[in-house]
Amino acid sequence: MHTKRVSIEEAVSLLRQGQVVAFPTETVYGLGADATSDEAVARIFAAKGRPADNPLIVHIGRVEQLPQVAAEISETARALMDAFWPGALTVILPKQAGLSQLVTAGLDSVGVRLPSDPVALKLLQAVNLPIAAPSANVSGRPSPTTADHVAEDLDGKVAGIVDGDKAEIGLESTVIDCTVTPPIILRPGGVTREEIEAVIGLVDTAQPEVGETKAPKSPGMKYTHYAPKAPMSIVKGDPDFFQSVITNAQAAGKRVGVLVTQESRHAYRADVVLTCGNRQDASSIARELYHVLREFDRQDVDVIYGESFDEAGLGAAIMNRLRKASGYQVIEQEK
Ligand code: TXA
Ligand code: MG
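These numbers come from a predicted model, not from an experiment.

Draft legend 1. View of the overall build of the protein chain. Counting its secondary structure elements, the protein chain contains 10 helices and 16 strands. Relative to its length of 335 residues, the protein chain is compact, with a C-alpha radius of gyration of 20 Å against a globular reference of 20 Å. Taken along its principal axes, the extent of the C-alpha atoms in the protein chain is 60 × 50 × 35 Å. Here the protein chain, with 335 residues, has 55% of them falling under the buried criterion. In the protein chain, once contacts between residues fewer than 6 apart in sequence are set aside, the share between residues at least 24 apart is 68%. Roughly 14200 Å² of accessible area belongs to the protein chain as shown, and the carbon and sulfur atoms make up 49% of that amount. Counting 33 positive and 43 negative side-chain charges, the protein chain places the averaged centre of each group 3 Å from the other.

Below you can see the structure in the form of structure tokens.
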């Protein structure tokens, strides 16, 4: 059956009945359910096809709800919330009893976020329950930045979709583990390391990003993510090198897609050239990235080559998602 677009009021009543509802946030669309109900949370994992050992972020609409979710709030965590909430920062804290065990995948910590999107806030405040919400995509696919992306992945699998604006940031929240000192950035995202360090001083970054042999700190780090259907590689080299990579693939009979920015959109001859923002403004790249990755699926390409980006500021999150989307395949020009 077709999933309906629902109003905030209808969404509130569905959530109270233990159903799952997708809703907009400023990062990406989320797939929400009552975080205190095992039954409701199980529906999220089923709809997404998400591995049960990957915990969900809990969303609240007011800081006053925090004690329902977290057992302990350190001074550092408090400083981060004061600085970045409402906004694109998820803080990992010791978990409160009363949340469904499924939400945290059995961990004794929980990720909490208070988003800034007005529709998300209105919904969360009206429902007045902690709401578990991963990104509203099928596991492994690029996260949704519009209600249409959600419907593409989850039509018929969820009780409702709240329509809203295109996500303003376009990449997920930054996840920071505040149960350790110094805190560790587990996932780069909408709030940059530079912004965080300006508030609380130096933080660590989870290492390594890939192929861990031991259990990763953030369970989500071990799964393939954000991937378009065609295999993708990041190409590092000058424009002639990039073009030779394209031409070789075409000579092998492949329909080639390339991901570029406005600056270089006329630089390459390929079958499909998709533009993702401009280099002067990393936020424009972040905002378009998932949409463009999904667009390659529609254009039915056999292989995708992407440019690479500077890792400063929001660039860290952009490159993190591109590396994952490409399964860490990099084609580098020999020096
Ligand atoms: O921007 C966002 O964060 C979006 C919107 C909807 O808020 N949500 C989102 O959720 O991206 P999800 O489930 O796609 O990603 C959550 C990430 C995963 O990598 C998960 O492993 C990690 O956060 N995570 C959640 N709880 C954790 C915990 N207690 N300890 C370590 N990592 C945790
Ligand atoms: Mg996700």
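Draft legend 2. Spotlight on the site of ligand 1. In the region of ligand 1, 27 residues are neighbours, and T27, R50, N54, H59 and S173 sit closest. At 3.0 Å, a side-chain N or O of S109 approaches a nitrogen atom of ligand 1. Taking 680 Å² as the accessible area of ligand 1 by itself, protein coverage stands at 96%. Counting residues per element, the ones that place at least two in the shell around ligand 1 are β4 (57-59), β6 (109-113) and β10 (184-187). Looking at the shell around ligand 1 residue by residue, the class counts come to 12 nonpolar, 10 polar and 5 charged.

Draft legend 3. Here's a closer look at unusual backbone geometry. Of note, the bond from W85 into P86 is cis; its omega dihedral lies within 30 degrees of zero at -10°. Here the residue pair T181 and P182 is connected by a cis peptide bond, since its omega of -10° sits within 30 degrees of zero. Here P182 shows up in the loop between β9 (174-177) and β10. The backbone of A105 shows a phi angle near 50°, a positive value even though the residue is not glycine. According to the relative accessible area criterion, A105 is partly exposed, its value standing at 26%. For D300, which is not glycine, the phi dihedral falls at a positive 55°.

Draft legend 4. Up close: the pattern of salt bridges. What the rule picks out here adds up to 16 salt bridges. One salt bridge connects E152 with R141, and the closest N-O pair in it is separated by 3.8 Å. Taken together, the residues span a long stretch of sequence, with E152 in helix α6 (residues 147-154) and R141 in the loop between β7 (131-132) and α6 at a distance of 11 residues. The class of E152 is partly exposed, set by a relative accessible area of 39%. For R141, a relative accessible area of 16% corresponds to the buried category. The salt bridge partner of R279 is E307, with a shortest N-O separation of 3.1 Å.

Draft legend 5. Layout of the sheet that holds β4. Taking strand neighbours across the sheet as the criterion, the 11 strands line up as β1-β8-β2-β3-β7-β4-β6-β5-β9-β10-β11 in an open arrangement whose pairing is mixed. Each edge of the sheet is formed by a strand with only one pairing partner; in this case those strands are β1 (5-6) and β11 (204-205). Here strand β5 (residues 89-94) runs beside β9; their pairing, made up of 4 bridges, is parallel. Within β9, the residue paired with T90 across the bridge is V175.

Analysis parameters
- Residues numbered from 1 in each chain as written.
- Chains lettered and ligands numbered in written order.
- Predicted model: local features only at pLDDT ≥ 70, side-chain atom pairs only at ≥ 80, totals over all residues.
- Heavy atoms only, no water.
- Helix = DSSP H or I, 4+ residues; strand = E, 2+ residues; numbered from the N terminus.
- Rg over C-alpha atoms; globule rule 2.2 N^0.38 Å.
- Buried < 20%, exposed > 50% of the residue type's maximum accessible area, 1.4 Å probe, protein only.
- Contact = heavy atoms within 4.5 Å.
- Areas by Shrake-Rupley, 256 points an atom, 1.4 Å probe, with all protein chains shown as cover.
- Lys, Arg positive; Asp, Glu negative; His and termini not counted.
- Charge placed at Lys NZ, Arg CZ, Asp CG, Glu CD.
- Near = heavy atom within 4 Å.
- Polar contact = N/O pair within 3.5 Å; in protein donor to acceptor, adjacent residues only side chain to side chain.
- Nonpolar A, V, L, I, M, F, W, Y, C, P; charged D, E, K, R; others polar.
- Salt bridge = Lys/Arg side-chain N within 4 Å of Asp/Glu carboxyl O.
- Pairing = 2+ DSSP bridges.

Keep in mind these values describe shape, not function.
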